[in-house]
Amino acid sequence: MNIYRVIKYLGIGAIPGWLKIAGLLGIYLLRRRIAGVYLDPVLACNLSCKMCYFSDPSKRSELKGIITESTIEMLEKNVFPYTVKLQIGCGAEPTLYKHLPSLISRAKKSAIPYISLTTNGQLIASRKISLKDMVDAGLDEITLSIHGTDRETYEYLMPGAGFDLLQNLIKQLSKIKKEKGNRFLIRLNFTINSLNLSNLRDNRFWEIWEENGVFPDIIQLRPVQKIGESAWTDFDLSSLKRDYHSTIGNIVSRAQKEGITIMAPTLKSLDMVATPQGASEAIIEDISYCYVSPTSVYKSDYDITSENIYSYLRRHHTGRLLLRSIFCRSKSRSSNVSKKLNYKVS
């Protein structure tokens, strides 16, 4: 999570843009942790989920590669010391990387405050990689991506996944939660379309969790959006709007009663898939967002072998840029559109 998103999720996202820039300038001048690192250690996936670009054969063939040991060593030296959060798994399946516990341990030794893993969980469920080992190494949160809460929907929308394995994973999560409590968080990412919308009715969403005596700590409901070519072609949100109160609204209401943090679009914001992003937010994201994969690190002109995050920012006169942004604000400055979704957090 980059710094702007941290501010927004803490409930103070309405503060003026110049004040956010001033805060980032303070972090920069004090050389505090400034980067949100989003790491794909492997560019591959074990599934072909219908709403994902990995269901497109041509895109799937393009994405390949495993991060090298030398890159990880350079991350430890030049990136991790300046990282406020490490998100492992962004656009691919990280559990295909066999050395995740070691990677998490190395990141924790760099004192990164928060480490999260986003996964479909199937390889964890089949014990190809150990959840306990990752948690013991310092994993703070797992984000589980699922697209159905009954066997038929889950296995149809996530080809290659098994519902029995999902249930096994929830059992593992329940055991970990009993041991770790709030020191380890479960986040659920559910992408909604016209097919799985019915899974949000009545108690259908909750049954697989209730059976194992555990609930997610955070639930993220995301309306489907086109993020590339995929097997799924229905991006019409009319059914989501028509049945909002008995589906999305139903989950929001129950989550609030259970004390679960819920991130979901309101009825009014369903059509606002892309978040309008002001100039100050664009600057903050440009500086703090650091994507790492087997083929790239941060910016195209960043050389991880010879400079750290701060030496790169100094080379680009970031302090001067931030000062200008505070004192030379212009209403004519253009805004970007972010693919991050509009949520109400409650």
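Caption draft 1: Seen up close, the pairing of strand 3 (residues 114–119). By the criterion of burial, strand 3 is predominantly enclosed, with five of the six residues buried. Where strand 2 (residues 83–88) meets strand 3, four bridges bridge the pair, whose relative direction is parallel. Directly across from Ile88, in strand 3, lies its bridge partner Leu117. With helix 5 (residues 100–109) bridging strand 2 and the parallel strand 3, this β-α-β connection has right-handed handedness. Bridge count for strand 3 against strand 4 (residues 141–146) is four bridges, and the pairing is parallel. The residue of strand 4 that forms the bridge with Leu117 is Ile142.

Caption draft 2: Expanded view of helix 5. Residues of helix 5 that are buried: Leu100, Leu103, Ile104, Arg106 and Ala107. One side of helix 5 holds all its buried residues, which, seen down the axis, span an arc of 160 degrees. Where the residues of helix 5 are buried, they touch strand 1 (35–39), helix 4 (69–78), strand 2, strand 3 and helix 7 (131–137). Phi turns positive, to about 65 degrees, at Ala111, one or two residues after helix 5.

Caption draft 3: Representation of unusual backbone geometry within the structure. In this structure, Ala111 is a non-glycine residue whose phi angle is positive, near 65 degrees. When you line up the elements, Ala111 lands in the loop between helix 5 and strand 3. Judged by its relative accessible area of 45%, Ala111 is partly exposed. One non-glycine residue with positive phi stands out, namely Tyr298, at about 60 degrees. Along the chain, Tyr298 falls in the loop between strand 10 (296–297) and helix 14 (309–315). We classify Tyr298 as buried; its relative accessible area is 11%.

Caption draft 4: Representation of the pairing of strand 2. Buried residues dominate strand 2, accounting for five of its six residues. Across five bridges, strand 1 lies against strand 2 in parallel orientation. Paired with Ala35 across the bridge in strand 2 is Thr83.

Caption draft 5: Representation of the packing of aromatic side chains within the structure. Taken as a whole, this structure holds eleven aromatic pairs when the rule is applied. Pairing Tyr82 with Tyr310 gives two aromatic rings, centres 5.3 Å apart and planes at 70 degrees, and the pair type is edge-to-face. Of the two residues, Tyr82 is situated in the loop between helix 4 and strand 2 and Tyr310 in helix 14; the sequence distance between them amounts to 228 residues. The same class applies to Tyr82 and to Tyr310, which are both buried. Taking the centre distance of 5.6 Å and the plane angle of 80 degrees together, the rings of Tyr298 and Tyr302 count as edge-to-face.

Caption draft 6: Up close: the environment of Leu29. Inspection of the secondary structure assignment puts Leu29 in helix 2 (residues 17–29). You can call Leu29 exposed: its relative accessible area is 59%. Spatially, the C-alpha atom of Leu29 lies 7.5 Å from that of Gly319, the residues being 290 residues apart in sequence.

Caption draft 7: A look at the sheet that holds strand 9 (residues 289–293). Strand order in the open sheet formed by ten strands is 10-9-1-2-3-4-5-6-7-12, and the pairing between neighbours is mixed. Across the chains shown, the open sheet's two edge strands, defined by having one partner strand only, are strand 10 and strand 12 (344–345). In terms of strand pairing, strand 1 meets strand 9 through four bridges, oriented parallel. Its bridge partner lying in strand 9, Leu39 is registered against Val292. Lying over the sheet, helix 5 contacts strand 1, strand 2 and strand 3, oriented at roughly 155 degrees with respect to strand 3. Together, strand 1 and strand 9 form the strand contacts of helix 13 (residues 279–288), whose direction differs from that of strand 9 by roughly 40 degrees.

Parameters at a glance
Residues numbered from 1 in each chain as written. Predicted model: local features only at pLDDT ≥ 70, side-chain atom pairs only at ≥ 80, totals over all residues. Heavy atoms only, no water. Buried < 20%, exposed > 50% of the residue type's maximum accessible area, 1.4 Å probe, protein only. Helix = DSSP H or I, 4+ residues; strand = E, 2+ residues; numbered from the N terminus. Pairing = 2+ DSSP bridges. Right-handed = clockwise from strand over helix to strand, strands pointing away. Arc of directions from axis to C-beta. Contact = heavy atoms within 4.5 Å. Phe/Tyr/Trp six-rings, centres within 6.5 Å; stacked < 30°, edge-to-face > 60°. Axes fitted to C-alpha atoms, helices over the stretch in contact; angles between N-to-C directions.

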